[in-house]
Amino acid sequence: MIELRSLTKTVRSGADDLTILSDVSASIPGGQFVAITGASGSGKSTLLGLIAGLDAPSSGDIFVDGARITAMSEDELAEMRAKKIGFVFQSFHLIPSLTAYENILIPMEILGAPNAGDRAKYLLETVDLASRGHHYPAELSGGEQQRVAIARAFANSPKFLLADEPTGNLDSRNGQHIFELMQNLHSQNNVTLVLVTHDLNLAEQAQRQITLVDGRVSRDTEATR
Amino acid sequence: MKFILSLTGREIRSSWRRLLFFFLCIALGVGSVVALRSLIQNLTRAVGTDARALMTADFEISTTNDFAPEDLAKIEMVMGASKIVEAQNETISAAVMARPADAENLRVKFVELKGIEPPFPLVGTFSLSDGRPFDFPLLDGNGAVVARILIEGLGIDVGDQIKIGEGTFTIRGVLDEEPGGSSGFRLGPRVFVEKKAVDSAGLTRSARVRRRILYRTSDNPTQLVTELRTALKGSTVQVGSYREQQENLSEQFVRTENYLALSGLLILVLGGLGVWNVARAFVEQKRKTIAVLKCLGSSSAKILTVYGLQIFVLGLVGSLFGVILAQLGLYVTQWRFADVLPQKMTYDVGLSVGVQGVVLGVVISLLFSALPLLQIQTIKPKLLLRDENNTSVGRLDRKKWFAGLLIVAALLAIAVWQAGSLKVGAIFLVGLSITSSMLYAAAALVTSLLRRVRGVGSFTLRQSINSLYRPGNQTRIILLAVGLGAFVVLATHLTQSNIIREFDFTRNSKLPSLFFVDIQKGQIDELTAMISNRVGEVPQVIPAVRARIAFVNAEPFNYQDREVRREQGRIGREFAVTYREKLEENESILAGEWWNGARADEPQVSVEDAMAKTLKVSPGDSVTFDISGRMITARVANIRKLDLRNTRSAFIFVFRPGTLETAPQTFAASVLKHTAPTDRQRLQRDLLEKFPNVQIFDVDDILTSVKRLIENFVLAITFVGGFVMLSGILILIGSIALTKSQRIYENAVLKTLGARRAMLGKILIAEYGFVGLLAGIIGTIFAIGMSYAVSRFVMNIEWQFDPIVALVGVAITTAIVVVVGLAASFDVLFRKPLGTLRGS
């Protein structure tokens, strides 16, 4: 369960304050697939970052799996992410100095998980990259890099998968492949999937759509199917 | 822990190339520290470790006169009461001229003659070069055992005869290593003869001899030495034990070792600056990786440990490589300098020095990368979503202040450890901090002034100035680092040139080519006529009276006092004093007045200023001289400064005429005209045949060896200076690496907009030209100030500005920065813009 209570995020922009999010409240039950949509600059990515504890809100509270993450220290947030959250970025953000296999290994090693190597291999197979594990990110295509990023996000079997425009840097074929992969993993593992996208076709496939306009929730609809 | 270790391993695997400069900075610094310390420690071992063997006894009593009967009685009384004396002997030594008896052989050479009697040596061993032990019958009937270099120098062999004074000696043996070692400055090779033969050769009548009574004791002789000094108080007889000699020797070597270690530390600290730069660049490049790791749930502490461990490993490997570099450096030293260093010298890095170097290298690596590594804490994972300018990164928070203070304290501890003194260590660190701050302030000032002309000039010029202000620019850091490198090298060079100018008496235009001493009054006319005939110049003749200082203001020297004993060599020796009416051209009066004309009622003396400081005398004080056993008390009339760079003779004490004319005296003569070596040799040879008591200094010949010594000295300093410059270059490369990604991006944009490679190259040259010029100017200005301060206030020597060194310094710094900058950024010019733009 993710609970957002009256979230506001303001940043300094030159001499002025710029409000990115204003009084955002929402509740996302466990196992739900939510798409956050909105125009560029509407605050989608900021909201996702706040949920992951990558940034702190100016006011308001966030509860993830019952824990008030807005009261956590940097290190507590890091531990929470390691155990509960998988994050997929638009620009993949793989560690360039590590191979695909090692990139997947990292979150498990951070937690000291047993059999990390086997699981990394399994995840590589899951994303159809069993033969590319020894390749460095620079040697992989965009689609392949994103598949590694998804495998990495699932490494510690998180309860929550947060994805920030994961198909934004990919062509439609690769984008579709990635989306299906995430959907499968979501349904197979019963994780809560929060997907930030401006692709309405993808958003429509979610169980729920939250639309942001100028940092406010303008629409929050659940799919009827 | 597994995560930390495995990630550290992976990071090293992928980043070692980028950290190569880090590695080199540390290796160079550690190499310098280890090489310099090893060198001086090996030298200490080779020349001065066993003072007992150097003295060939446990203690000695010595004088340059005959022992006075009352002094002998006092010695007898103290020694008679002592139960620890096991054996004693007497020696007599003198620096005299030796020449082959063969009239065809024209060579002459100064030798250090030592007359000995059994048992000799009291301590140590004495064997000949063919392995035979020395035996006294070898010296019977005017036999001599001589150093090998005399055989080579005179072109003679065992069995041949040499003449010394009025005596003729047959060479019966050759030695490579004499008892008493071969340390210190020597006028010539050693010749051993029987003690009584020194008398019979007439040398004790004329030459400057030193008589010694040496003792071997069964126990610590310190108490006995103290008793002897008390008994002999007021006499000019000197008493010294090997323990004191050992103490002084060790102290001198330890001091030299620590000062050299500080030079090494300076290079290591410069290397540390390089480390700091590289670590900054590294953390900057790793920002995204760090953010990803944080995003994946790693704590700051874990990431800090990973990179700290990486620095540790690199510091360790770099330090080990530094030790290898030091060993190579020592081999180079052996190859280049073995002929001027002691034969017994070894050229290995000692284990303890090596370990010390590695510890230093690792500690400096960690200290200097601590602040950049602390930046890891301020890198937020949110930059993965939006890479804003992370304004908090550069800010000094409480943690950084604390870390900064800790680093300064650790550096102070290292400096104190290396200098072996809290004071020197603190001065080193404070000096370095002040210099760095001033250089940084100057860099800030200069860059802000340059900013005002940003809009001026061609596109290339404008763009190159703009580059100095690009976001995250390293201009001030580069100016600081390179300026510091230039400062150190130039300050060393400028100071060195002043020292050499001061001490290099080879530049003295009034330096005689031949110098004759111990001339008897009756020999003057014939000798000067002979010299004038052969050289074509009438020699200048000066009277010289041998005198020792007995009292200053009626007080004898207290040789029980260690400080006084340390000066014993300067104040306790025999001086040649003269008397004259006029002040010489190269002399000036600092205090009091020079006498004019009339003879005074009381003896008056003029004292050279350095000696006046040592004796703590000023005009009006009195100095009592022992002149052949007669005490003459003279009033100090004035303090005189001698310009040693323009002097024909240099007398420490000059008497007012009217006192010394009746004292026993000899005369010294000198000629300025330079003649061919064979002519000089023939003249010496003929003079010695006629006047065997006269000592001749072939100054031109001596100068050749002194010049070689100075050249070696300059080369050694340049070698150390070169290491400093190399550290500066590494810092420069590290700084360039810091801004390289921005440079690549800018060039890609400019290329897209139509800039050609040649134009980009010109911008690059102009940018580095500016940086190099500014760094060179800043470093040179500071170096001039430093060399002035060191010359005038520390070394107390004249200071002269050398505009050529300064200009060449600025030019070389600029050239180095341009070349290194171009080499480090050259590939930027050849990158395809599309790849760069897509990548960013």
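The preceding data block contains the structure.
The structure reproduced in this document is the subject of the present report. Residue numbers here run from 1 along each chain, matching the order of that chain's written sequence. Chains and ligands are labelled sequentially in the order written, the chains with letters from A and the ligands with numbers from 1. Reporting of local features is limited, given that this is a predicted model, to residues whose pLDDT is at least 70; pairs of side-chain atoms are given and counted only at 80 or more, and all residues count toward the totals for whole chains, interfaces and linings.

1. Some words on the overall build of chain B
This is how the line gets drawn: Going along the chain from the N terminus, every DSSP run of H or I of four or more residues is numbered as a helix, and every run of E of two or more is numbered as a strand. Between the buried cut of 20 or more and the exposed cut of 12 or fewer other C-beta atoms within 10 Å of a residue's own C-beta lies the partly exposed class, and all C-beta atoms are placed from the backbone. By definition, residues are in contact whenever their C-beta atoms, placed on the basis of the backbone, come within 7 Å of each other.
Along chain B, the regular secondary structure elements total 25 helices and 20 strands. Looking at chain B as a whole, 40% of its 840 residues qualify as buried. Sequence separation of at least 24 residues holds for 85% of the intrachain contacts in chain B that already meet a minimum separation of 6.

2. Side note on the environment of Leu50(A)
Residues and elements named next belong to chain A. Within the secondary structure layout, Leu 50 lies in helix 1 (residues 44-51). Looking at Leu 50, the number of C-beta atoms within 10 Å reads 25, which means it is buried. Note: C-alpha distance between Leu 50 and Leu 4 (46 residues apart in sequence) is 9.6 Å. Other than its neighbours up to four places away in sequence, Leu 50 contacts Leu 7, Lys 9, Asp 55, Pro 57 and Ile 62.

3. Considering helix 21 (residues 677-690) of chain B
Since there are 3.6 residues in each turn of an α-helix, residues three or four apart along the chain are aligned in direction. All names here are of chain B. To keep it simple, the criterion reads: Here, expected helix span is obtained from the residue count minus one, scaled by 1.5 Å. The directions from the helix axis to the C-beta atoms form the arc being described.
An ideal rise of 1.5 Å per residue puts 20 Å on 14 residues; helix 21 measures up with 20 Å between its terminal C-alpha atoms. Considered for burial, the residues of helix 21 that qualify are Arg 680, Leu 683, Gln 684, Leu 687 and Leu 688. Buried residues of helix 21 fall within an arc of 125 degrees about the axis and therefore sit on the same side. In helix 21, the exposed positions that point more than 90 degrees away from the buried face belong to Thr 678, Asp 679, Glu 689 and Lys 690.

4. A short note on the interface of chain A and chain B
Convention followed: For this classification, the nonpolar set comprises Ala, Val, Leu, Ile, Met, Phe, Trp, Tyr, Cys and Pro, the charged set comprises Asp, Glu, Lys and Arg, and every other residue, Gly included, is treated as polar.
Contacts between the two partners involve 23 residues from chain A, matched on the other side by 21 residues from chain B. Looking at the side of chain A that touches chain B, the elements that each hand over two or more residues are helix 1, helix 2 (74-84) and helix 3 (100-111) of chain A. With six residues, helix 2 of chain A is the single largest residue contributor to the side of chain A that touches chain B. For the side of chain A that touches chain B, the residue count by class is ten nonpolar, five polar and eight charged.

5. Comments concerning the packing of helix 11 (residues 300-337) of chain B against helix 12 (residues 351-378) of chain B
Residues and elements named next belong to chain B. The test is simple: Angles shown run from 0 to 180 degrees and are taken between the N-to-C directions of axes, each axis being a line fitted to C-alpha atoms and, for helices, limited to the stretch in contact. Between 65 and 115 degrees an angle is taken as roughly perpendicular, under 35 as roughly parallel, over 145 as roughly antiparallel, and anywhere else as oblique. Should the near helix be turned anticlockwise from the far one by less than a right angle, the crossing is termed left-handed; should it be turned clockwise, right-handed.
Relative orientation of the contacting elements helix 11 and helix 12 amounts to 150 degrees, with a least axis distance of 8 Å. The angle between the axes of helix 11 and helix 12 places the two elements in the roughly antiparallel class. Here helix 11 and helix 12 pass one another in a crossing that is right-handed. When the residues that make up the contact of helix 11 with helix 12 are grouped by side-chain class, the tally is 15 nonpolar, twelve polar and no charged.

6. Topic: the nonpolar core
Nonpolar side chains in soluble globular proteins tend to be buried together. Stated precisely, the cut-off is as follows: For this analysis, nonpolar core means a set of buried Ala, Val, Leu, Ile, Met, Phe, Trp, Tyr and Cys residues linked through C-beta atoms within 7 Å. Throughout the structure description, domain borders are defined by an automatic or database domain assignment.
Ile51(A), Ile104(A), Leu162(A) and Ile778(B) are the most contacted members of the largest nonpolar core, which has 181 residues in total. Both domains that furnish three or more residues to this core are identified here as domain 1 (1-47 + 248-420) and domain 3 (439-508 + 698-840) of chain B. By size, the runner-up hydrophobic cluster in this structure holds 73 residues, among which are Leu113(B), Ala144(B), Leu203(B) and Val577(B).

7. Brief notes about the environment of Val198(B)
Residues and elements named next belong to chain B. Along the chain, Val 198 turns up in helix 6 (residues 195-200). Note: C-alpha distance between Val 198 and Ala 94 (104 residues apart in sequence) is 8.9 Å. For Val 198, the residues in contact, after removing those within four places along its chain, are Ile 92, Ala 94, Leu 113, Gly 115, Val 193, Leu 203 and Thr 204.

8. A word on the sheet that holds strand 10 (residues 216-222) of chain A
Within a beta sheet, neighbouring strands are joined by backbone hydrogen bonds and run either parallel or antiparallel to one another. All names here are of chain A. Stated formally: For two strands to count as paired, DSSP must find a minimum of two bridges between them.
Ordered in space as 6-7-8-3-9-10, the six strands form an open sheet in which the pairing is mixed. Each edge of the open sheet is held by one strand with a lone partner, namely strand 6 (85-88) and strand 10. Each neighbouring strand pair of the sheet contributes to a mean axis angle of 15 degrees, computed without reference to strand direction. With four bridges connecting them, strand 6 and strand 7 (residues 160-164) associate as parallel partners. Bridging across to strand 7, Gly 86 finds its partner in Leu 161. Where helix 5 (residues 142-153) meets the sheet, its contacts fall on strand 6 and strand 7, and the angle it forms with strand 6 comes to roughly 170 degrees.

9. Here we look at the packing of helix 15 (residues 459-467) of chain B against helix 23 (residues 757-794) of chain B
All names here are of chain B. Running from N to C, helix 15 and helix 23 point in directions that differ by 55 degrees, and their axes come no closer than 8 Å. Between helix 15 and helix 23, the interaxial angle falls into the category oblique. Of the two elements, helix 15 crosses helix 23, and the hand of that crossing is right-handed. Contacts between helix 15 and helix 23 involve Thr 460, Leu 461, Gln 463, Ser 464, Ile 465 and Ser 467 from the former and Met 759, Lys 762, Ile 763, Ala 766, Glu 767 and Phe 770 from the latter.

10. Some thoughts on the sheet that holds strand 1 (residues 2-13) of chain A
All names here are of chain A. An order of 2-1-4-5 is seen for the four strands of this open sheet, with the pairing classed as antiparallel. Each of the sheet's edge strands pairs with one partner strand only, and the pair in question is strand 2 (16-28) and strand 5 (67-68). Two strands pair when backbone bridges link them, and strand 1 and strand 2 are joined in this way by nine bridges, in the antiparallel orientation. Within strand 2, the residue paired with Glu 3 across the bridge is Ser 27.

11. Focus on unusual backbone geometry
A negative phi angle is the norm for most residues apart from glycine, just as the trans form is the norm for most peptide bonds. The residue after Pro118(B), namely Pro119(B), is reached through a cis peptide bond having omega -5 degrees. Its place among the elements puts Pro119(B) in the loop between strand 3 (109-116) and strand 4 (143-147). For the bond from Phe120(B) to Pro121(B), the omega torsion is -10 degrees, close enough to zero to count as cis. Structurally, the position occupied by Pro121(B) is in the loop between strand 3 and strand 4. The backbone of Ser157(A) shows a phi angle near 45 degrees, a positive value even though the residue is not glycine. Tracing the chain through its elements places Ser157(A) in the loop between helix 5 and strand 7. Even without being glycine, Asn190(A) reaches a positive phi, approximately 55 degrees. Judged by the 9 C-beta atoms lying within 10 Å of it, Asn190(A) is exposed.

12. A look at the pairing of strand 7 (residues 190-194) of chain B
Residues and elements named next belong to chain B. Most of strand 7 is tucked away, with five of its five residues classed as buried. With two bridges joining them, strand 4 and strand 7 adopt antiparallel strand pairing. Within strand 7, the position partnered with Val 146 by the bridge is Val 191.

None of this, on its own, says anything about what the molecule does.
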